[in-house]
Each structure stands twice: as C-alpha cells, then as structure tokens.
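What follows is the residue order along each chain.
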Amino acid sequence: MSQFQFPTVTISGTGLWHPENSISNEELVQVLNENADRFNADHAQAIESGEIQPLAKSDADFITKASGIKQRYVYEKEGILDINRMRPNLPPRSENELSYQAEMAVKAAKAALADAHKTGADIDAVIVSCAYTERAYPAIAIEVQEQLGITGFGFDMLVACSAATFGLHRAYEMIRSGSAKAVLVVNPELVTPQLNYADRDSHFIFGDVATAVIVEAEDTVTAPQYFKILSTKAVTQFSNNIRSNFGHLSRANDTDVFAANNLFHQEGRKVFKEVCPMAAQHMTEHLAAHEIDNQQVKRWFLHQANLNMNLLIAKKLLGRLATNEEAPTILDEFGNTASAGSIIAFNRHNKDFNNGDIGMICSFGAGYSIGSLVVECVYK
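Basis of the calculations
Residues numbered from 1 in each chain as written. Predicted model: local features only at pLDDT ≥ 70, side-chain atom pairs only at ≥ 80, totals over all residues. Heavy atoms only, no water. Helix = DSSP H or I, 4+ residues; strand = E, 2+ residues; numbered from the N terminus. Rg over C-alpha atoms; globule rule 2.2 N^0.38 Å. Buried < 20%, exposed > 50% of the residue type's maximum accessible area, 1.4 Å probe, protein only. Contact = heavy atoms within 4.5 Å. Lys, Arg positive; Asp, Glu negative; His and termini not counted. Charge placed at Lys NZ, Arg CZ, Asp CG, Glu CD. Core = buried A, V, L, I, M, F, W, Y, C linked by side-chain atoms within 4.5 Å. Pairing = 2+ DSSP bridges. Axes fitted to C-alpha atoms, helices over the stretch in contact; angles between N-to-C directions. Phe/Tyr/Trp six-rings, centres within 6.5 Å; stacked < 30°, edge-to-face > 60°. Lys NZ or Arg CZ within 6 Å of the ring centre and 35° of its normal. Polar contact = N/O pair within 3.5 Å; in protein donor to acceptor, adjacent residues only side chain to side chain.

### Comments concerning the overall build of the protein chain
Secondary structure assignment for the protein chain yields twelve helices and 13 strands. Relative to a compact globule of 380 residues, whose C-alpha radius of gyration would be 21 Å, the protein chain shows 21 Å and is just as compact. In terms of overall dimensions, the protein chain has a C-alpha envelope of 80 × 55 × 35 Å along the principal axes. Here the protein chain holds 380 residues, and 53% of them are scored as buried. Considering only intrachain contacts with a sequence separation of at least 6, the fraction spanning at least 24 residues in the protein chain is 77%. Seen as two clouds, the 32 positive and the 45 negative side-chain charges of the protein chain have centres 4 Å apart.

This is the structure in structure tokens:
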C-alpha cells in the first residue's frame, strides 16, 4: 500500500470588491460633532450637575493621526450621515433575494476565480469567514456556493479580525488532508452596521469590503503566478479589550439590543500595548520554524487596523522602520476592514514578486487571535 503524500498547498488567486460609496473623515466628523452639540445642549443641566458625561467632539486630523485612516468605503452612505439616524439604511431583503453579504462575496469570488483561471466547477468547498454574518442560517457560504454553481459544501466561521487567515488555515488543512482539491475562502466584511457613530473613539474605524482567495493543490494550478503556503500558525488568548456583544440572547436579556455596549467597542490603548509584541513574536517564531530570518521576507501583509500598530510591529520585526513597500498599508483608502485588511494588502501588492520571494500574511484582533501564513512565490 503506497504511503499518502501530502499535496503542496497554494494560493492561486485573489479577488477584491468594494462599494462605490466612500465617506471622508471630514464627513464623519461633521455628523458626529452636530450630534454631540445637540446631545450636550439637550442634557446641559444633567451634564452640569455631573449626572452624565458630555459627548466628545472630534476633527479629521485627529482621526488621521490616531489611525492613518482618511476615508472608508461603505455599503450605504446616506443613513450614516443622517444626524437623525447615524447608521446605514439597509432595508430587509426578502428570503428569495440574494443577501447583502452573499452579493458582496460573489463579486469578490468571481474576481478571485478569474485571477486563478478557475470556474465554480473547479471548487469543492466554500468558507465564508468574517467578523459578522447577517443571519445565523442558512450559511452565507452555502448561498454563495449556489450562486457560483459550486458542488460540495460550505460553511461560515467568525473569528473577528483574524477570520480571513483562520479561514485560509481551514482551507489549507482541507487540501493537505485530501478532502478538497480547491477551496474558495471569502470575507464579506459588512461591518458598518455595528459601529456607534456617536462615539468619538470608534465611529471612524470600519469600512465595508469583500475579499476572496482561491486555495488549491499545486498540481491543479493553472494561473501563471501562485504562492505556495509553506505553513500556517495560529494562537488565541482570551481578552475583553475588543468586544461586540450583539447576539441572539439580547432578546432574552430584556435589554436594548442596540445599546452602545452591544455595538463594537474596545480599550484601544490596551490593545495596542498587548497585541503589538504578541504579533511580532508570533511572526518571528513562525518564520524561524522554516529557518527564515525576518530580513529575508520581501513583504509583510499585515492586518490593517491602525497605522501606528503596523509601524511598531514592523519595527519590532526588522529592528528599524519598514518602508511602505516592505509593509504596505491600505488604511488611508479602506479604513479598518476587519479580517479583510491583510488580504487587500496581499491582493494589491503581490504581482511584483519574483520566483522564490517570501511573504508573510498575518492578522490579529479580537479574541485575542493571531493567524499567519508563510508564502513563497512561484512562476510556472
């Protein structure tokens, strides 16, 4: 009986889709400040007596300096900028219509399939991995599977900002085990509905986007350029510093489903202090397992949450400030897109790789969770 040979696993294509609508820092600040002025005027007596705290105001320069974000793409714009609403206006779709996230996912998936020179008939499994899904079931992944004519199976998974890399890990394992020959991993990050647009510390963070990746065995690759996945590495460590508490138990808790505590919130300074050294150590150890020195990495495709975080992590990795070519950022255009950020960076900045060049894809976020992949460029 012949011994089973583990196939070499590759990333053979990526896709990116973003909405047409974008919101600048200036637009967000205007509605936040108008709301703060109205709230503080309406509650002036309670604020003066110390019963409640006034809402803080902001400015666009503060946002750019604190995060590196200058704008973000959003699925729906008018509702966010309406002072009497301050959240996206996404009317419910009928159960016979394509869901919002499936629509986003299909658009990114089609781009990834084209990049990999594949069709839906070549795919065995679909993983939708993201920070939020718009419903519990049926899985968005199965809806995407249906739209693309994919036979096999699909499932959703949620790992906050590490969802994309953790999804790629599952695809890698499927290919290695032989349970699939090609897997579509999609990240439809429709995150803006979970933001508190009255909160100065978080209202500017997220944008909406969808990314997709084709993972397949090397012997089926038809694209001229692809990336071998040398290995994957993941770690989780419980932390309360990044939370989003909205869930199906809200109905049973007899609390306000949309209270600020149920929306996205974080202890940003604690996250910065704790996650940066964890991420740098994680990636260094991952590369060391392959006897690859950090200086040998052509490009670091890092999670895109905050520019200052990425600058510090890159400095810890290289012992110096990294250039934008070494650790590209897309925050200024996209904002934080939850799990999709590192995949956007990879999609935008991998075509100049030469045969044998090494890259590191890494995400880090709520959980805490960190996921990474060491990849090596190959030309056929």
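### Here we look at unusual backbone geometry
Cis geometry is adopted by the peptide bond preceding P138, which originates at Y137 and carries an omega value of 0°. Counting through the fold element by element, P138 comes out in the loop between strand 4 (125-130) and helix 6 (140-148). Look at the link from G367 to Y368: it is a cis peptide, with omega at -10°. The residue Y368 is located in the loop between strand 12 (358-365) and strand 13 (369-379) in this model.

### Side note on the nonpolar core
In terms of nonpolar packing, the biggest core is built from 49 residues, with M283, W300, I313, M360 and F364 touching the most fellow members. Of all the secondary-structure elements, those providing two or more residues to this core are helix 1 (25-42), helix 9 (268-288), strand 11 (297-302), helix 10 (307-318), strand 12 and strand 13. The biggest single contributor to this core is helix 9, with seven residues. If we ignore the near neighbours within four places in the chain, the residues touching F364 are C161, S162, V275, A279, H303, M309, N310, I313, S369 and I370.

### Here's the deal with the sheet that holds strand 11
Taken in spatial order, the nine strands of this open sheet run 5-4-6-7-1-8-13-12-11, and their pairing is mixed. Among the strands making up the open sheet, the edge pair consists of strand 5 (153-158) and strand 11. Between one strand and the next, the sheet's axes are offset by a mean angle of 25°, whatever the strand orientation. One ladder, built from eight bridges, connects strand 1 (residues 9-17) with strand 7 (residues 209-217); its direction is antiparallel. Note that in strand 7 the partner of T10 across the bridge is E216. Seen against the sheet, helix 10 touches strand 11 and strand 12 and runs at an angle of roughly 150° to strand 11.

### Digging into the pairing of strand 6 (residues 182-189)
When you tally the buried positions in strand 6, you get eight out of eight residues, the bulk of the element. On strand 6, burial covers both faces: A182, L184, V186 and P188 on one face and V183, V185, N187 and E189 on the other are all buried. Sheet topology places strand 4 next to strand 6; four bridges connect them, and they run parallel. Residue pairing for strand 6: A125 is matched across the bridge by V183. The pairing of strand 6 with strand 7 spans eight bridges and is antiparallel. Paired with V186 across the two strands is A212, which belongs to strand 7.

### Quick look at the packing of aromatic side chains
Per the stated rule, a full pass over the model turns up eight aromatic pairs. On the basis of an interplanar angle of 85° and a centroid distance of 5.0 Å, the ring pair of F301 and F346 is categorised as edge-to-face. Taken together, the residues span a long stretch of sequence, with F301 in strand 11 and F346 in helix 12 (residues 341-348) at a distance of 45 residues. On the basis of relative accessibility, which here comes to 1%, the residue F346 falls in the buried class. On the basis of an interplanar angle of 25° and a centroid distance of 6.0 Å, the ring pair of F301 and F353 is categorised as stacked. Here the residue F301 occupies a position in strand 11, and F353 occupies one in the loop between helix 12 and strand 12, the gap between them amounting to 52 residues. In this structure, F301 and F353 share a single accessibility class: buried. A connected cluster of aromatic rings, assembled from ring pairs, spans F227, F301, F346 and F353. Above the face of the Y100 ring, R93 is positioned so that its terminal group lies 3.9 Å from the ring centre. Over the ring of F353 we find K298; its NZ or CZ atom is 5.7 Å from the centre of that ring.

### Description of helix 12
Since the α-helix advances by 3.6 residues per turn, residues separated by three or four positions end up pointing in the same direction. Among the eight residues of helix 12, seven are classified as buried, and the element is accordingly described as predominantly covered. Among the residues making up helix 12, those that are buried are G341, S342, I343, I344, A345, F346 and N347.

### Observations concerning the side chain of Q304
With respect to the secondary-structure elements, Q304 resides in the loop between strand 11 and helix 10. For Q304, the side chain forms a polar contact with the main-chain oxygen of P328, separated by 3.2 Å. Here the side chain of Q304 touches I330 through a polar contact of 3.0 Å, landing on its backbone nitrogen. Setting aside chain neighbours within four positions, we find Q304 in contact with N310, P328, T329, I330, L331, G335, N336, T337, G341, S342 and A345.

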